[in-house]
Every structure is written in C-alpha cells, then in structure tokens.
Amino acid sequence: MTTTCLEDAEGFAAGCRQARDLGFDGKTLIHPKQLAVANEVFSPSPADLARARRVVAAHAEAQASGRGVTVLDGRLVENLHAAEARRLLALAEAIASRAADG
C-alpha cells in the first residue's frame, strides 16, 4: 500500500506503517507535509528503546560471564541482537540530537 496523494494523511501513515512492519527504516518523501508522519512512524518507540537497553545489558552481562549468548524474556540474545539494539539506540540519540538542534 502506498499513496502519493498529499491530502490522504491516513493512507500515507498506513503505507509508512506497512513499510516499517516489513522491515524498512524510512521512506522517500515527496513533500514536507509528509515529514511529521514519517518521523512518527519510523522513530523508535519508548518501548522499543527500553527493550533495546535491556538487550544490550543482558548481552553485556552474558559476555562478562564468558557466554556468547543469553536468554531474555524467553528469547535468545546474541551478537546480532545486541548490534541491532545498539543501532536502534544510536538512531534515537541522533533523532534527539537533531531535534535539539532545531
């Protein structure tokens, strides 16, 4: 689902959510009207960030104990999960920094 109609904000938001759910981390925009919706949909949520912090901490604890993997909330956590969590946290920091700049 995509939409290019600038007056269909809900259709555009639905297209952004679909892209995010399929694993995309952004969308090409054709008009400044689309910025706020795209930023809202593709920005990590507070729950995403809390989970990412827990993944990073659990992985660090496992490594400190000499283990390469651990389980968090019944799910395996290994290097690739920790790397993705760190990427998400870095993205959130970049967004916050950009917002603070103005």
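Predicted, not measured: the structure shown is a model, and the values here were computed from it.

Bringing the pattern of salt bridges into the picture now. Evaluated as defined, the whole model comprises six salt bridges. Where salt bridges share partners, they join Arg51, Arg54 and Asp73 into one cluster.

Okay, the packing of helix α3 (residues 46–64) against helix α4 (residues 79–101) next. Remark: α3 packs on α4, axes separated minimally by 9 Å, with the N-to-C direction vectors making an angle of 135°. With respect to α4, the axis of α3 lies oblique. In this structure, α3 crosses over α4, and the sense of that crossing is left-handed. Of α4, the residues touching α3 (which contributes Asp48, Leu49, Ala52, Arg53, Val55, Val56, His59 and Gln63) are Asn79, His81, Ala82, Ala85, Arg86, Leu88, Leu89 and Ala92.

The next subject is the nonpolar core. Within soluble globular proteins, side chains that are nonpolar generally end up buried alongside one another. Leu49, Ala52, Val55, Ala58, Leu72, Val77, Ala85, Leu88, Leu89 and Ala92 form the largest nonpolar core, which has 10 residues in total. Going through the elements one at a time, α3 and α4 are the ones with two or more residues in this core. Leaving out residues up to four positions away in the same chain, Val77 has contacts with Val55, His59, Gly68, Val69, Thr70 and Leu72.

Reading the values: rules and limits
Residues numbered from 1 in each chain as written. Predicted model: local features only at pLDDT ≥ 70, side-chain atom pairs only at ≥ 80, totals over all residues. Heavy atoms only, no water. Salt bridge = Lys/Arg side-chain N within 4 Å of Asp/Glu carboxyl O. Axes fitted to C-alpha atoms, helices over the stretch in contact; angles between N-to-C directions. Helix = DSSP H or I, 4+ residues; strand = E, 2+ residues; numbered from the N terminus. Parallel < 35°, antiparallel > 145°, perpendicular 65-115°, else oblique. Left-handed = near helix turned anticlockwise from the far one by under 90°. Contact = heavy atoms within 4.5 Å. Core = buried A, V, L, I, M, F, W, Y, C linked by side-chain atoms within 4.5 Å. Buried < 20%, exposed > 50% of the residue type's maximum accessible area, 1.4 Å probe, protein only.

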